[in-house]
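Understanding the architecture of this molecule
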Amino acid sequence: MSGVVRSDYVRPVDFRHGYVDMTHGGGGRAMAQLIDELFVRAFDNEWLRQANDQAAFRIGAGRMVMATDSHVVSPLFFPGGDIGCLSVHGTINDVAMAGATPLYLAAGFILEEGFPLADLKRIVESMAAASREAGVPVVTGDTKVVERGKGDGVFITTTGVGVVPVGIEISGDRARPGDRILVSGTMGDHGVAIMSLRENLTFETTIRSDTAALHGLVAAMIATAPGIRCLRDPTRGGLATTLNELARQSGCGMVIAEQRIPVHGQVNAACEFLGLDPLYVANEGKLVAICPAADADRLLAAMRDHPLGGDAAIIGEVIDDPHHFVQMDTTFGGRRVIDWLTGEQLPRIC
Amino acid sequence: MKFIDEFRDGKLARDLASAIAREARPERSYNLMEFCGGHTHAISRYGLKDLLPANVNMVHGPGCPVCVLPIGRIDNAIALAARPGLILCTYADTMRVPASNGTTLLKAKAQGADIRMIYSCADAIRIAQENPGRDVVFFAIGFETTTPPTAVAITQAKALGLANFSVFCNHVLTPAAISNILESKEVRELGTVPLDGFIGPAHVSTVIGSQPYEYFAEEYQRPVVIAGFEPLDVMQAILMLVRQLNDGRAEVENEFTRAVTRDGNAKAKALVAEVFELRRTFEWRGLGEVPYSALKIKDQYSAFDAETKYGISYRSVPDNRACECGAILRGVKKPADCKVFGTVCTPDNPIGSCMVSSEGACAAHYTYGRFRDVAVVTASPVPAARAAS
C-alpha cells in the first residue's frame, strides 16, 4: 500500500454497450451513479438536486388532484413515441381530466436485468423532454431491478399532482340528459400504431401514436366553457369504454352518431382487416368532453382553435335511460348498442 | 375507405329499405335465414332490423365457426395444450369458448399452457420452424373459407419436412349443415320454424361457388341469394329474396358477383381434395351428429394429423342444460328466448358458444341489439352541428 489516497475515479456508466444489472437496483454505488448520471441529469430540477427521498413543494389555492398510471406497453418504441413520453403524457392527462393544472410528477422504474442501458437512456431522455415540454417536472423517483425473465424490459409508473382552480367542478358523474358529447380528434390512432408493430401482425402504416399532454387543451376549454361537466381521456378500451363509464357514473344513457366520429382512414382500414372496431381502440392524446348544450358550439370552436383539437367534433347527446345504454345511430341508418368491451378485443376469424 | 364505404352507404341503404318495404306484401311474412355469422354480425352491427318492415324476419343460422365447435373438441385441444413442451396455435375467437368444467383455452394459457393466438396458419408454420425442439399443433377450425389455407400449411409442412408440426383438424362443411336444418323436424314436419329463403354464405362461396346451393333451391323449393358481408350486400340480398318469393321462384341468385362464381375457386378446391377427405360423421354443437359434414386429413398426410400423432379420442359432452344454443343455432329460438341470456350468460361469462364469438347470434344480439328488448327512452336524432372535418 502506498498510503497515498487517490482522488476517486468512477468509470462512467456505459450507455453505449452496457446493460442493466442487479447492482443498479442494489442501493449501492452503481445505483447512485445511475441516478446521478441518467435520471438527475435528464430530469434536472431543484427538487431532484436536493437528493432527498421525497420532494417538498407548495401548492396554490384550490382542490388538489392526484393520479397514478403504470405503463407496460410493448413494443417500448413505436411510431410517434415510446414508453417514456407515454408515461409522462398518460399521468398528466389523468390529472388534467379533473380540470386541474398538473404541477409535479413522480416516476417509478422497474428495470429488467439485462435491459440495454442505451434503450433506458433513450426512454429517460424522452420522458425528460416530454416533461419539459409540458412544464411539469419529475420531482422524485425510484428505481428497482428485477431478475432477467421477471419483467419485460422496463415498466414505468408515474404519479402526478395538480390543482383544480376554484369554481371548476368536473367529474364523471355530472352528465345530464340534454348535454352534448364531444371528442377532441380522431379515434384509435395510438392502438393501431402499436398493433402495426406487434409480433405476427406487421403491416405498414403511416399512422403514428397520438400520445400528447392535453392540459393545455383542457385549460383553453375551461377558459371558454367553465361549465364543462365531464372530461376523460379514452385510453384502453377506447371511446366506447369511456362513454360507458361516464353513462354508468352519471346514471344516464347516450346516443352518438357514427358519421360524426372522426376516424382516420388508415385506422379504419387497419381495423377492418384485423377484425377490430376503432371505437374500442386506445388513444393517448384525445379526450371526451360532456358539456351543457348551450356551451357546445363555443366549446367546439375553442377546441378546434387548439393544435391538439383540430379534428374535434360534437358526436352525440346524453339521454335519460335507466339502463345506461350507449347507443349509436349507424352511418347505415340503423341503431345499435355500443357495449362495454368484453375481455380483450379479439380478432374475428372470417 | 375505398371498396368499403361504397358498401356502407346510408343513402343507398335507405333506397333499398324503401324498395323492400314497397315490394314486401303486407299479407304474408318473409322468414329469411342468414346462414353465416358474418351476416349476423353485419345485421346487428349496422342495425339493419331498423330498416326492415315488420314482416321481414331475419333468422340467425349456424354459420359461426366457433359456435358449432362441440365442447368435446375444445376439451381435446386443451388436453393437447397441456402436453409438456407443446405449442398450440389457434385463431383468437376460439380462446374463450367454454369447455368442460368451466375451462377455456384462455384459462389454460393463464395456467401455463403455451397457446399462441395467430391470424394465419402460415404463422403456425413459422412458429414450428422457429421451435424445432418443440411440437407445434395448429387447432384448425372453420368452414370452407379457412380450409384451403390449412391445406396449404399441411402441404408446406410436408415439403419442408417439418416433423414437429401437425394439425388438429375440425373443418366443417356448409352444405351439410344447410341440409341438416332443412331436414330437421322443426322445419319439415312441425312447421314451427318457417324458413322461406336463405342468404347464402359470402366467403365460403368464393371457394365452393354457387353451384352447391342449386340442390337446396330445387329439392326444398327455397330461394338462395349468395351475398357479401357488407350491410348493403345483405339489404340487396333481402330485396332479391323478397322478389323471388313474390314471384314464386326458388332459384340460386348471386348478389356477391364481385367475388363468387358458379364454380368457385378450382385451385383451392383441388388443394382441399388433395389433403382432406370426408368424415363419416361429425358432431356439431346445436345440430348433433351430422353425416359427412366435416373433413379429416388423408392417410398420406397422416404424419401431420394431430389426431393420429397424439391418439386423440373424442368424447361427446352435452351442453349446459339451461343453454339454448342448440335451438338458437337451428333457428328454433331467438337469443332472448333463452332463460340464461343476459343473466348468467353474457359475453364476459359465456355459458354457451353463441355468446362467445361476435358472430354468434347471442353475442351479436347482446352486444348490439339488446336495447330493443327493454323499453328505452329514445332520443331525438343527434342535433345538427358542424360536421366533423
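Predicted, not measured: the structure shown is a model, and the values here were computed from it.

Parameters at a glance
Residues numbered from 1 in each chain as written. Chains lettered and ligands numbered in written order. Predicted model: local features only at pLDDT ≥ 70, side-chain atom pairs only at ≥ 80, totals over all residues. Helix = DSSP H or I, 4+ residues; strand = E, 2+ residues; numbered from the N terminus. Rg over C-alpha atoms; globule rule 2.2 N^0.38 Å. Buried ≥ 20, exposed ≤ 12 C-beta atoms within 10 Å, placed from the backbone. Contact = placed C-beta atoms within 7 Å. Pairing = 2+ DSSP bridges. Axes fitted to C-alpha atoms, helices over the stretch in contact; angles between N-to-C directions. Core = buried A, V, L, I, M, F, W, Y, C linked by C-beta atoms within 7 Å. pLDDT = per-residue confidence, 0-100. Parallel < 35°, antiparallel > 145°, perpendicular 65-115°, else oblique. Left-handed = near helix turned anticlockwise from the far one by under 90°. Nonpolar A, V, L, I, M, F, W, Y, C, P; charged D, E, K, R; others polar. Arc of directions from axis to C-beta. Expected span 1.5 Å × (residues − 1).

Observations regarding the overall build of chain B
Of the regular secondary structure elements, chain B holds 15 helices and 13 strands. Relative to a compact globule of 389 residues, whose C-alpha radius of gyration would be 21 Å, chain B shows 22 Å and is just as compact. For chain B, the spread of C-alpha atoms along the principal axes amounts to about 65 × 55 × 45 Å. Sorting the 389 residues of chain B into buried and exposed places 52% on the buried side. Here the contacts in chain B between residues at least 6 apart in sequence split such that 76% fall between residues at least 24 apart.

Some words on the overall build of chain A
Counting its secondary structure elements, chain A contains 9 helices and 13 strands. Against the 2.2 N^0.38 benchmark of 20 Å for 350 residues, chain A shows a C-alpha radius of gyration of 22 Å, consistent with a compact globule. Along the first, second and third principal axes, the C-alpha set of chain A runs to 90 × 55 × 35 Å. The 350 residues of chain A split such that 52% are buried. The contacts in chain A between residues at least 6 apart in sequence include a share of 85% that link residues at least 24 apart.

What about unusual backbone geometry?
Leave glycine aside and you will find that most residues have negative phi; peptide bonds, for their part, are mostly trans. Each neighbour pair has its own omega, and for S74 of chain A with P75 of chain A the value is 0°, a cis peptide bond. Positive phi, normally seen in glycine, also occurs at H324 of chain A, with a value near 60°.

Focus: the environment of T94 of chain B
All names here are of chain B. Tracing the backbone shows T94 in the loop between β3 (87–91) and α4 (105–110). Here the alpha-carbon distance between T94 and P201, two residues 107 residues apart in the chain, equals 21 Å. Apart from the residues within four sequence positions on either side, T94 is in contact with V66, L105, F139 and I141.

Describing the environment of G228 of chain B
Mapped onto the elements, G228 of chain B comes out in the loop between β8 (224–226) and α11 (231–247). Residues contacting G228 of chain B, with those up to four places away along its chain left out, are A202, D233, E255, F256 and A259 of chain B.

Some remarks on the sheet that holds β8 of chain B
Residues and elements named next belong to chain B. Spatial ordering of the open sheet is given by β2-β1-β7-β8-β9, a layout of 5 strands whose pairing is parallel. The sheet is open, and its two edges are formed by β2 (56–63) and β9 (252–254), each paired on a single side. In this sheet, adjacent strand axes meet at a mean angle of 25° when their direction is disregarded. Where strand β1 (residues 30–36) meets strand β7 (residues 197–200), 3 bridges bridge the pair, whose relative direction is parallel.

What about the nonpolar core?
With 234 residues, the main nonpolar core has V154, L182 and A289 of chain A together with A124, V167, M235 and I238 of chain B as its most contacted residues. At 10 residues, α11 of chain B tops the list of elements feeding residues into this core.

So, the sheet that holds strand β12 (residues 326–329) of chain A
Through backbone hydrogen bonds, the strands of a sheet pair up, either in parallel or in antiparallel fashion. Residues and elements named next belong to chain A. In spatial order, the strands read β8-β10-β7-β11-β9-β12-β13; together these 7 strands make up an open sheet with mixed pairing. The outermost strands of the open sheet, each flanked by one partner alone, are β8 (230–232) and β13 (335–337). On average, each strand axis in the sheet is tilted by 25° relative to the strand beside it, whichever way the strands run. With 4 bridges connecting them, strand β9 (residues 253–257) and strand β11 (residues 313–319) associate as antiparallel partners. Within β11, the residue paired with I256 across the bridge is G316.

Here's the deal with the confidence of the model for chain B
Residue and element names in this part refer to chain B. Taken residue by residue, chain B gives an average pLDDT of 90. The fraction at 70 or more is 95%. In the model of chain B, helix α8 (residues 185–190) stands out as the element of lowest mean pLDDT, 71, in contrast to strand β6 (residues 165–171), which has the highest, 98. Per-residue pLDDT stays below 50 along residues 375–389; that stretch engages in 29 contacts with residues further than four places along the chain or on separate chains. The complex model carries a pTM of 0.85, and its ipTM stands at 0.77.

What about the packing of helix α1 (residues 29–43) of chain A against helix α4 (residues 117–134) of chain A?
Residue and element names in this part refer to chain A. Across the interface, α1 lies against α4 with an axial gap of 8 Å and an inter-helix angle of 20°. Classed by the angle they form, the pair α1 and α4 counts as roughly parallel. Relative to α4, the crossing made by α1 is right-handed. On α4, the residues that touch L38, F39, A42 and F43 of α1 are K121, V124, E125, A128 and S131. Of the residues belonging to the contact of α1 with α4, the class tally is 6 nonpolar, 1 polar and 2 charged.

Focus on helix α5 (residues 121–130) of chain B
All names here are of chain B. Every buried residue of α5 is accounted for by C121, A124, I125, I127 and A128. Each buried residue of α5 sits inside an arc of 160° when the element is viewed along its axis, so together they form one side. Tucked into the core, α5 has its buried residues touching β3, β4 (114–118), β5 (136–142), α6 (147–160) and β6.

Let's talk about the environment of C291 of chain A
All names here are of chain A. Tracing the chain through its elements places C291 in strand β10 (residues 288–291). When the 27 C-beta atoms within 10 Å are taken as the criterion, C291 is described as buried. Spatially, the C-alpha atoms of C291 and V138 are 32 Å apart, while their sequence positions differ by 153 residues. Each residue touching C291, except ones within four places of it in the same chain, is listed here: D179, R180, A225, G227, I228, R229, A296 and L299.

Here's the deal with the pairing of β12 of chain A
Residue and element names in this part refer to chain A. Alternating positions in β12 separate into two faces, V326 and M328 on one and Q327 and D329 on the other, with burial throughout. With 4 bridges connecting them, β9 and β12 associate as parallel partners. By the bridge assignment, M254 is partnered in β12 with V326.

Re the packing of helix α6 (residues 215–224) of chain A against helix α9 (residues 296–305) of chain A
Residues and elements named next belong to chain A. Close contact between α6 and α9 brings their axes to 9 Å; oriented N to C, the two are set at 150°. In terms of axis orientation, α6 runs roughly antiparallel to α9. For α6 against α9, the interelement crossing comes out right-handed. Together, L217, A220, M221 and T224 of α6 and R298, L299, A302 and M303 of α9 make up the contact between the two elements. The residue inventory of the contact of α6 with α9, partitioned by class, reads 6 nonpolar, 1 polar and 1 charged.

Brief notes about helix α7 (residues 238–250) of chain A
Helical geometry: 3.6 residues make up each α-helical turn, so side chains three or four residues apart lie on a common side. In a regular helix each residue adds 1.5 Å, so 13 residues correspond to 18 Å; α7 of chain A covers 19 Å between its end C-alpha atoms and thus fits that length. What α7 of chain A keeps buried is the set G238, L239, A240, T241, T242, L243, N244, L246, A247 and S250 of chain A.

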